[in-house]
Amino acid sequence: MADYRAPLVDMRFIREEVLDAEREWQAMPATAELSAELADAVLEEAGRLVEAELFPLNQRGDAEGCHFEGGEVRTPAGFQGAFQELAQGGWCGLGGNPDHGGQGLPKLLTQAFDEMLYASNAGFALYLALNNGAGLLLDAYADEATKARYLPRLYAGGWLGTMCLTEPHCGTDLGLIKTRAVPGSDGRYSITGSKIWITGGEHDLTENIVHLVLAKLPDAPAGAKGISLFLVPKCEVREDGSLGDVNGVVCGGLEHKMGIKGSATCVMHFDNAQGILIGEPHQGLATMFTMMNYERLSIGIQGLGLGDVAYQSAMAFARERRQSRAPGGVAEPDQAADPILVHPDVRRMALNARAWNEGGRLFAAFVARELDRAKYHPDAEVREVAEDLVALLTPVAKAFLTDRGFATTVEAQQIYGGSGYCVEWGAEQFVRDARIAMIYEGTNGIQAMDLVGRKLMRNQGAYLRRFAEQMRADLDTDSGDPTVIPFRRAAMEELARLERVSAQLMEMARTDPAAAGAAAHDYLQLLGYTAYTWMWWKAARAAFHGLTVDGTSGEAFYRAKLVVGQHFLERQLPQSEALERQIAAGPAGLMALDQSLF
């Protein structure tokens, strides 16, 4: 059976021993009252909640799925009760603005909670993920009256938010949307059109659903520059916040999906639905990206969470499953066979999964820390550096984490042998649930194109230079401890490789318009490997320090961290050499085959 325990010790190690979170929080007035002890208490309670309430619903929710009847959606049995418990505990507003009833906790803390949610029940977690993004967007762009009317209810879990972008005829190219918004005499707009793949578009968890909808005004310019953003509630909201009539919002059905079956993925129809403009006219796409960038980190964490629960479950199986004898002789002579963890190939798969998970957790926490700096830090220069790092690393956080997360669920499934293909063990569900994360919130190919096109080429490597400056300055603080030297050497080599490849790619793109697209996937992977190597150096340094001072995580933990990090260096990082060669090959081979021959 599947097994999950929140990785609280590793989360605390990253937060306090690698990133020195308490000192960070004290430097920012918005988070100055948050202590390490309070952070531990929050996440310990979060771990208890997801283990006791959400994880037991995961396989049942997958088997049952959501039901669509008479225009209404019913979530799997137990989802309503679990959601009410989360809402009553204040978990829906964990990172929300305290001025409107949120708890104001930093992203470094809330992303750890997000990982637990996705690991314990990915289908359930998505309702909260979209709500968090909706609250963030409204806090940034809505007027004060709208904030006062909507945010307290979103933070309290009385209502939930959605993001409505995609239409049947267009996905990534949102400039092609047909949904229209017609101004009314009362300052509101009539929204008409259809959207697909809307997470939580209709459900029975809350009394109202708040849709954030992209549409075009009658005078809109063509293309993406003509998109505006509107708030369209399922039920109209009066000035005092009470609910009025049902709005012109109808669910047309549920998508039949490969995974995340506990999440209601809806077709939504808007028929003269009344909405209000959020932000400036024709600036809706830029406004929506405030939500999407946080969602992209969140979806990256979906990959991480599913990779971790897949690994933990596979290890519970591997400790019990017995096959053959250890290579060097009998490991447990009183048993008919040894546990499969004695076999090198099983250990290879297990360490691959663990190294990707622990490296991903380091990287996700680092990006979250930079988001906090960009939002809260009183020093303008620190905020600017953080904003540049977030801009560069957001597509990597979404794509690299989900690529590795899916690969980890597959690796973990393989450990079970034939049992992993059978439903009762849970491994095949983790594979199915992880697969979507590489697709939605912008496919990983789109993330790679964004990285190369917007974040590298458009500013001629300015973001990359910022990244290199920060990484090199960090590595220069190394004290030269023998245990940590291989990690620092690897990090310096990977940074040099990244800078070398970046310069070559920018030069190639000056004369060949296909060069950027041909290299995009491999370049994102290369940047991901470089960032992970930096993170593993940070972890190795902290683990070595913990061993020397008898740190709170314990000797066994620190020694294991160094062994897993060494596995990353030896067995996973060499892939970056192949990526360099692939990028150097250029686009000629990809473009050589005539289109008619595909």
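Thresholds, definitions, all that
Residues numbered from 1 in each chain as written. Predicted model: local features only at pLDDT ≥ 70, side-chain atom pairs only at ≥ 80, totals over all residues. Heavy atoms only, no water. Helix = DSSP H or I, 4+ residues; strand = E, 2+ residues; numbered from the N terminus. Rg over C-alpha atoms; globule rule 2.2 N^0.38 Å. Contact = heavy atoms within 4.5 Å. Areas by Shrake-Rupley, 256 points an atom, 1.4 Å probe, with all protein chains shown as cover. Lys, Arg positive; Asp, Glu negative; His and termini not counted. Charge placed at Lys NZ, Arg CZ, Asp CG, Glu CD. Axes fitted to C-alpha atoms, helices over the stretch in contact; angles between N-to-C directions. Parallel < 35°, antiparallel > 145°, perpendicular 65-115°, else oblique. Nonpolar A, V, L, I, M, F, W, Y, C, P; charged D, E, K, R; others polar. Salt bridge = Lys/Arg side-chain N within 4 Å of Asp/Glu carboxyl O. Buried < 20%, exposed > 50% of the residue type's maximum accessible area, 1.4 Å probe, protein only. Patch = residues over 30% accessible without salt bridge, like charges linked within 9 Å, V, L, I, M, F, W, Y side chains within 5 Å.

Once that is clear, we can look at the overall build of the chain. For the chain, the count of helices and strands is 18 helices and eleven strands. For a compact globule of 598 residues, the expected C-alpha radius of gyration is about 25 Å, and the chain comes in at 24 Å, within 12% of that figure. For the C-alpha atoms alone, the extent of the chain along its principal axes is close to 80 × 60 × 60 Å. Taking the intrachain contacts of the chain between residues at least 6 apart in sequence as the baseline, contacts between residues at least 24 apart amount to 73%. Here the chain has roughly 23900 Å² of accessible surface; of this, 51% comes from carbon and sulfur atoms. Counting 55 positive and 78 negative side-chain charges, the chain places the centres of these two groups 4 Å from one another.

For the pair helix H3 (residues 36-64) and helix H11 (residues 427-435), the least separation of the axes is 11 Å and the interaxial angle reads 75°. Accordingly, the angle class assigned to the pair H3 and H11 is roughly perpendicular. Packed against H3, whose contacting residues are Asn58, Gln59 and Asp62, the element H11 presents Gln429, Phe430, Arg432 and Asp433 at the interface. Grouping the constituent residues of the contact of H3 with H11 by class yields one nonpolar, three polar and three charged.

What follows covers the pattern of salt bridges. What the rule picks out here adds up to 44 salt bridges. Between Asp474 and Lys538 there is a salt bridge, and its shortest N-O distance comes to 2.6 Å. Placement of the pair is Asp474 in helix H13 (residues 462-475) and Lys538 in helix H15 (residues 515-548), with a sequence separation of 64 residues. Here Asp474 falls in the buried class, since its relative accessible area comes to 15%. One network of salt bridges, in which partners are shared, links Asp10, Glu115, Asp308, Arg354, Glu358, Arg361 and Lys561.

A surface patch of nonpolar side chains, amounting to about 370 Å² of accessible area, comprises Leu593, Leu597 and Phe598. Locating Leu593 in the fold gives a position in the segment after helix H18 (588-591).

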